[in-house]
Amino acid sequence: MKSVNRQLWQRFLDIAAPYWCSEERWSAWGRLALLLLLLLGQTAFAVLLNEQTGEFTSALAARDEHRFWQAILLCLGLLVGAVPTYACYYWVRDTLGNHWRRWLTQRFLLRYFGDRHYYSLNGLAALDNPDQRIAEDINTFTQRSLFFLLILIGATMQLTAFSQVLWGISHTLVYFLVVYAISGTVITLRVYGKPLTGLNFRQLKREADLRYSLVRVREKAESIALYRGEQQELQQIRHRFGLAYDNFRQLIRGQFFLNLFQYGYSMLTLVLPSMLIAERVLSGELEVGMAVRAAGAFTAVLSAVSVVIDNFESLSRFAAGIERLDVFSHQLDGPAAAGDKRAAGRIESIEGAPQLALERVTLQTPGAERVLVRELSLAVEPGQGLMVVGASGCGKSSLLRAIVGLWDSGSGKILRPHPDEIMFLPQQPYMLLGSLRSQLLYPRQERQVGDQELLALLERVNLPDLAERSGGLDAELDWEKTLSMGEQQRLAFARLLLTQPRYAILDEATSALDLANERWLYQQLMDGQTTLISVGHRSTLLTYHSQVLELDGNGGWQTHLAQGYRFEH
Ligand SMILES: Nc1ncnc2c1ncn2[C@@H]1O[C@H](COP(=O)(O)OP(=O)(O)OP(=O)(O)O)[C@@H](O)[C@H]1O
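Keep in mind the model is a prediction, meaning the values are calculated, not measured.

Turning to the pairing of strand β10 (residues 531-535), a few remarks are in order. Within β10, five of the five residues are buried, leaving the element largely enclosed by the surrounding structure. Neither face of β10 is open: one carries Thr531, Ile533 and Val535, the other Leu532 and Ser534, and all of them are buried. As paired elements, strand β9 (residues 503-507) and β10 share five bridges and run parallel to each other. Within β10, the residue paired with leucine 506 across the bridge is serine 534. Between the parallel elements β9 and β10, the chain passes through helix α18 (residues 515-527) in a crossover that is right-handed.

This is the structure:
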């Protein structure tokens, strides 16, 4: 238990500490200091109010009108200061939490998009739902961290302030409290600690899985509708909901036993302090008001020493969230940090080379299940296009992935020009959410290109009326749903013509087009300075390339001159 807790504490620090040392540290520490001041104010007001409550109760018992009204007036005066102190406390706390969340989200996002982790971590079994971790777990982390930090500090202040009051009234009550609180905390941690944290961890995952399956239905609505796959989807979503539901049922059960313990523990204290000092009040040694003060101080000290017990449910949820963020953070630090002992080696990458070349490249699938290409060496000189051919599943797309650096399992060396000089067109074009203008400029939105040039570009890819019928270059539509696959492929080609990279890698990028359109687009590309590397199943494409690389699917390969090559696939 001890080592688990220490680990958790370390994990917490790993995630939390960078913000407090960052460029925002001064405002962060400033806000925290203000919060502590406000907390101190809260404790002071609580002590003073408790004192005056005892005072006017004693005044009532003594039927002393003057003393009573004096205490009431003082109480009201204290409230004038207490109310804004309490309200400001929450305002400052939540503002600090919000700033921390912004900073931490930004940091995770940069790491997620850096080194293309969003791609390499995709589908990793150890890392479910990174989206939920970024959108929700970070928010919960920052809010809960402040919440617990402050209640711990608040509890310490409360303990210091009220235990003095209580000590002045009765030593027995203090001794009793210490034993009572320690035993309660130990029982809670021992009995409920692990199971509740585990259940909360699973709950977060299952809720995220459920949401993801619903998002998928929204994204793939048309395919599901065409297949009439509603029953299958419904079953799948029900299954995921069932898992979340069952886990939550277990959580409720665990929570029930925790509540039984918590309420038994705290309700006993309604009578215990009065029982322990009753004799001294009855004998006249203490005033009645003292009993009220003692009860108030007792409750305050008890809630201070019982913070773990009282907040155990949310603490276990917090611990589960820390674990999820910690795993995510380690995955973002790279495979070595995440403990990924991949069987295969890595293909070395050299960027900024004058031309594309492969030196003794052996390419494997990411999990090293299959060797797709063995010891491949070739160079693609400028103007000398390469066409990759072979039967379906032999590894053509995978080789292209390796060429652009997405896959690197294997050995050998790939030399490639600077990434800005290469553009990849996948078979399924990516249509971003945004205007027609941003589709054309993607992925470099910052370029200043005039409307006339963009309209001319649309004409060049045989989409002359697209802007007009869509409502102009700035119209925002769901392009993936409103354009046919062939139109999307032509739009993607327009990006290529606009960018005019030195190398274009086309993975069946014209598969949905008729031959005339395909010929027209390739011809446009040939007029520029772009060297092509294509995967395709049509022999008509050979014309635009100088060499052919043929893969046999078992690691074997052969190169041929494109001219005179006989297409067999
Ligand atoms: N992420 C992955 N993990 C493991 N294996 C994969 C992965 N992606 C693809 N594969 C496997 O790698 C092999 C090559 O796939 P690839 O997509 O490169 O084939 P291809 O030659 O482009 O096929 P097609 O002509 O049908 O598009 C296939 O057997 C495929 O199942």
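The next point concerns helix α12 (residues 396-403). In terms of burial, α12 is a largely internal element, seven of the eight residues being buried. If you check which residues of α12 are buried, you get Lys396, Ser398, Leu399, Leu400, Arg401, Ala402 and Ile403. Immediately beyond the C-terminal end of α12, within one or two residues, lies glycine 405, with a positive phi of roughly 90°.

So, on to the site of the ligand. Looking at the ligand, the residues that line it are Thr365, Pro366, Gly367, Leu372, Gly390, Ser392, Gly393, Cys394, Gly395, Lys396, Ser397 and Ser398. Per-element accounting of the shell around the ligand gives the leading share, three residues, to α12. Residues of the shell around the ligand, tallied by class, amount to three nonpolar, eight polar and one charged.

Moving on, we come to the sheet that holds strand β1 (residues 348-351). Strand order in the open sheet formed by four strands is β1-β5-β2-β3, and the pairing between neighbours is mixed. Both edges of this open sheet fall to β1 and β3 (371-380), since each of them pairs with a single strand only. Along the sheet, successive strands turn relative to each other by an average axial angle of 10°, direction set aside. In the sheet, strand β2 (residues 356-364) pairs with β3 via six bridges, with the strands oriented antiparallel. Across the sheet, glutamine 364 pairs through a bridge with valine 371, a residue of β3. Of the strands in this sheet, β2, β3 and β5 (410-416) are in contact with α12, which crosses β2 at around 125°.

This brings us to the sheet that holds β10. Taken in spatial order, the six strands of this open sheet run β6-β9-β10-β4-β11-β12, and their pairing is mixed. Edge strands, defined here as strands with exactly one partner in the open sheet, are β6 (422-425) and β12 (557-561). Averaged over all adjacent pairs, the angle separating strand axes in this sheet is 15°, with direction ignored. Here strand β4 (residues 386-389) runs beside strand β11 (residues 547-551); their pairing, made up of four bridges, is parallel. Bridge assignment links valine 389 to a residue of β11, and that residue is glutamate 550.

When the pLDDT values of the chain are averaged, the result is 86; 96% of them are 70 or greater. Predicted as a complex, the structure gets a pTM of 0.75 and an ipTM equal to 0.96.

Here we come to the UniProt feature "domain: ABC transporter" (unreviewed entry) in the chain. Within this numbering scheme, the UniProt entry marks residues 356-566 as carrying the feature "domain: ABC transporter" (unreviewed entry). For residues 356-566, helix accounts for 29% and strand for 27%, while the C-alpha atoms at its two ends are 25 Å apart.

Quick look at the packing of helix α2 (residues 25-61) against helix α9 (residues 288-305) now. In a pair of packed helices, the angle between the axes and the distance between the axes together describe the arrangement. Interhelical geometry of α2 versus α9 gives an angle of 155° and a closest axis separation of 7 Å. One finds that α2 runs roughly antiparallel with respect to α9. Once α2 is placed against α9, the crossing between them reads as right-handed. Residues Ala46, Asn50, Glu51, Thr53, Gly54, Glu55, Thr57, Ser58 and Ala61 of α2 form the contact with α9, whose own contacting residues are Val288, Gly289, Met290, Val292, Arg293, Gly296, Ala297 and Ala300.

Our next topic: the nonpolar core. Within the largest apolar cluster, 53 residues are counted, with the highest numbers of intra-cluster contacts made by Leu363, Val373, Val388, Leu399 and Ile505. No other element matches helix α17 (residues 485-499), which puts five residues into this core. Not counting the four nearest positions on each side in its chain, leucine 399 is found in contact with Leu363, Leu372, Val373 and Val388. Core analysis: the second largest hydrophobic core is formed by 28 residues, Trp100, Tyr192, Leu204 and Phe318 among them.

Turning next to the packing of helix α6 (residues 171-219) against α9. Orientation of α6 relative to α9, taken along the N-to-C sense of each, is 25°, at an axis distance of 10 Å. Between α6 and α9, the angle is such that the two are roughly parallel. Of the two elements, α6 crosses α9, and the hand of that crossing is right-handed. Every residue of α9 that contacts α6 at Leu173, Leu177 and Ala181 is listed here: Ala294, Phe298, Val301, Leu302 and Val305. Each residue belonging to the contact of α6 with α9 can be placed in one class, and the counts come to eight nonpolar, no polar and no charged.

Time to look at unusual backbone geometry. A cis amide bond, omega 5°, links tyrosine 442 with the succeeding residue proline 443. Within the secondary structure, proline 443 sits in the loop between α13 (436-441) and α14 (451-460). For arginine 116, which is not glycine, the phi torsion reads 50° and is therefore positive. For arginine 116, the position within the fold is in the loop between α3 (65-113) and α4 (117-120). Looking at arginine 116, the number of C-beta atoms within 10 Å reads 13, which means it is partly exposed.

Successive side chains on a regular strand alternate, one facing one side of the sheet and the next facing the other. A large share of β9 lies buried, amounting to five of its five residues. Side chains Tyr503, Ile505 and Asp507 of β9 all project onto a buried face; the interleaved residues Ala504 and Leu506 project onto the opposite face, where all are buried too.

Here we take up α18. Taking 1.5 Å of rise per residue, 13 residues should cover 18 Å, and α18 covers 18 Å from first to last C-alpha, within 8% of that figure. Tucked inside the fold, the buried residues of α18 contact α17.

Calculation rules
Residues numbered from 1 in each chain as written. Predicted model: local features only at pLDDT ≥ 70, side-chain atom pairs only at ≥ 80, totals over all residues. Buried ≥ 20, exposed ≤ 12 C-beta atoms within 10 Å, placed from the backbone. Helix = DSSP H or I, 4+ residues; strand = E, 2+ residues; numbered from the N terminus. Pairing = 2+ DSSP bridges. Right-handed = clockwise from strand over helix to strand, strands pointing away. Near = placed C-beta within 6 Å. Nonpolar A, V, L, I, M, F, W, Y, C, P; charged D, E, K, R; others polar. Axes fitted to C-alpha atoms, helices over the stretch in contact; angles between N-to-C directions. Contact = placed C-beta atoms within 7 Å. pLDDT = per-residue confidence, 0-100. UniProt positions renumbered as here; feature names shortened; annotations may be inferred. Parallel < 35°, antiparallel > 145°, perpendicular 65-115°, else oblique. Left-handed = near helix turned anticlockwise from the far one by under 90°. Core = buried A, V, L, I, M, F, W, Y, C linked by C-beta atoms within 7 Å. Expected span 1.5 Å × (residues − 1).

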